[in-house]
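Coordinates in review
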Amino acid sequence: MKTALREKSYFDTRATQEMARHLQAVPRSIQETMAYACRILAMTEQEAGLAGQISVRSERPGAYWTLRFGLGFDEATPADFIEVDRDLHTLTGDGMPNPATRFHLWVYEARPDVQSIIHTHSPWASALAAARQPLVISQMDMTPLHDDCAFLGEWPGVPIADQEGVIISEALGRKRAIILAHHGYLTAGGSCEEATYLSVYLERAARMQIRAQAFGPLTPVDDALAREAHDYLLKPSIVGATFNYWARQTHGIAPLPRPQA
């Protein structure tokens, strides 16, 4: 018996329904999710001293949660996150935020859809930034960033004041990621899980691009196919299941031993 050829939409709909049924969300607090996100960033070698930042929009207007300054991604636990206001005053928890998180406020203000921001100086994305090269979507695993990764060609300086936030948020526009020349990258997700997912795949995409360029010019993926893959790979069930897998790889978020003061 010959198998009938069915439209791709049939398989997409079926897979989406089955993923919704079988890939269940894991209940976590904001702080637990952020701690896992930090450990995932560290596990994927995105640590750069204290330069990286993570934030999640708070239910309190004009406020967000972030890792208290002085800690690296690899040692973050749920107790290490603080809630801060628009002037970076600590509202909940102990400690101070990284002063460079000020530009997050401008992104949140411009983008009501953004619930979480990650910024790092990861090795491969920073190499693209140093070379002032935008991302070229040339392979399937890059497609979550298809037409969703902006490029800022000039460095406005250390983003501890307001003007840098204006420049970065305007350059980001409606996209979910941006390469910042001479700097690093930023991802802006509808959830902390999505921002983390985009961060990991952006760093991988940058590594792939740099390695592939040794063989000659890159050929971008067909626009229509890349758009289809982008939408499929950013389904919340796929993003959530991938985040949960990476979280399991980190072996938990128990407090790590630290030197006594």
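This write-up is about the structure you can find in this document. Computed from a predicted model, the values in this text were never measured in an experiment.

1. Considerations on the nonpolar core
- Formed by 46 residues in total, the largest nonpolar core has its most connected members in Ile54, Leu67, Phe81, Leu135, Leu145, Tyr197 and Leu202.
- Of all the elements in the fold, those that place two or more residues in this core are helix 1 (8-22), helix 2 (30-43), strand 1 (53-57), strand 2 (64-67), helix 4 (123-131), strand 7 (177-180), helix 6 (192-212) and helix 8 (236-249).
- Setting aside its immediate chain neighbours within four residues, Leu145 contacts Leu135, Ile137, Ala177, Leu198, Tyr201, Leu202, Ala205 and His230.
- Of all hydrophobic cores here, the second largest spans 18 residues; its members include Phe103, Leu105, Leu152 and Ile168.

2. Things to note about the sheet that holds strand 3 (residues 81-84)
- Strand order in the open sheet formed by 8 strands is 4-3-2-1-5-8-7-6, with mixed pairing between adjacent strands. If you trace the sheet from one side to the other, it starts and ends with strand 4 (90-92) and strand 6 (149-152), each paired once. Along the sheet, successive strands turn relative to each other by an average axial angle of 25°, direction set aside.
- Across 5 bridges, strand 5 (residues 116-120) lies against strand 8 (residues 184-189) in antiparallel orientation. Paired with Ile118 across the bridge in strand 8 is Thr187.
- Here helix 2 sits on the sheet in contact with strand 1, strand 2, strand 3, strand 5 and strand 8, set at roughly 155° to strand 1.
- On top of the sheet, helix 3 (residues 102-110) reaches strand 1, strand 2, strand 5 and strand 8; it is set at about 35° to strand 1, its chief contact.

3. Notes on the pattern of salt bridges
- This model, assessed by the stated rule, comprises 11 salt bridges.
- A salt bridge links Arg174 to Asp113, with the nearest nitrogen and oxygen atoms 3.4 Å apart. Note that Arg174 is positioned in the loop between helix 5 (162-172) and strand 7 and Asp113 in the loop between helix 3 and strand 5, a separation of 61 residues in sequence.
- A relative accessible area of 58% means that Arg174 is categorised as exposed.
- The class for Asp113 is partly exposed, based on a relative accessible area of 39%.
- Note that Asp223 is salt-bridged to Arg227, the shortest N-O span being 2.1 Å. You can see Asp223 and its partner Arg227 sitting in helix 7 (residues 223-233), 4 residues apart, about one turn around the helix.
- A residue is classified by how much of its surface remains accessible, and Asp223, at 39% relative accessible area, is partly exposed.
- Members of the salt-bridge network, linked through shared partners, are Arg111, Asp113 and Arg174.

4. A short note on the side chain of Thr33
- Along the polypeptide, Thr33 turns up in helix 2.
- Relative accessible area serves as the criterion here: at 7%, Thr33 is assigned to the buried category.
- The contact partners of Thr33, leaving out residues within four places of it in the chain, are Arg28, Cys192, Glu193 and Phe243.

5. Details of helix 3
- Buried residues of helix 3: Arg102, Phe103, His104, Leu105, Val107 and Tyr108, and no others.
- Contacts from the buried residues of helix 3 go to strand 1, strand 2, strand 5, helix 5 and strand 8.

6. Quick look at the packing of aromatic side chains
- For the coordinates displayed, the defined rule picks out 4 aromatic pairs.
- When the centroid spacing of 6.0 Å and the interplanar angle of 40° are considered together, the rings of Tyr64 and Tyr108 count as tilted. Residue Tyr64 is located in strand 2, and its partner Tyr108 is located in helix 3; the two are separated by 44 residues in the primary sequence.
- A residue is classified by how much of its surface remains accessible, and Tyr64, at 0% relative accessible area, is buried.
- Taking 6.2 Å as the distance between ring centres and 35° as the angle between the ring planes, the aromatic pair formed by Tyr197 and Trp246 counts as tilted. One end of the pair, Tyr197, is in helix 6; the other, Trp246, is in helix 8, with 49 residues separating them in the sequence. Neither Tyr197 nor Trp246 differs from the other in exposure class; each is buried.
- Here a set of aromatic residues connected by ring pairs shows up, and it is made of Tyr197, Tyr201 and Trp246.
- Taking NZ or CZ as reference, Arg204 lies 5.2 Å from the ring centre of Tyr201, over its face.

Scoring rules and cut-offs
Residues numbered from 1 in each chain as written. Predicted model: local features only at pLDDT ≥ 70, side-chain atom pairs only at ≥ 80, totals over all residues. Heavy atoms only, no water. Core = buried A, V, L, I, M, F, W, Y, C linked by side-chain atoms within 4.5 Å. Buried < 20%, exposed > 50% of the residue type's maximum accessible area, 1.4 Å probe, protein only. Helix = DSSP H or I, 4+ residues; strand = E, 2+ residues; numbered from the N terminus. Contact = heavy atoms within 4.5 Å. Pairing = 2+ DSSP bridges. Axes fitted to C-alpha atoms, helices over the stretch in contact; angles between N-to-C directions. Salt bridge = Lys/Arg side-chain N within 4 Å of Asp/Glu carboxyl O. Phe/Tyr/Trp six-rings, centres within 6.5 Å; stacked < 30°, edge-to-face > 60°. Lys NZ or Arg CZ within 6 Å of the ring centre and 35° of its normal.

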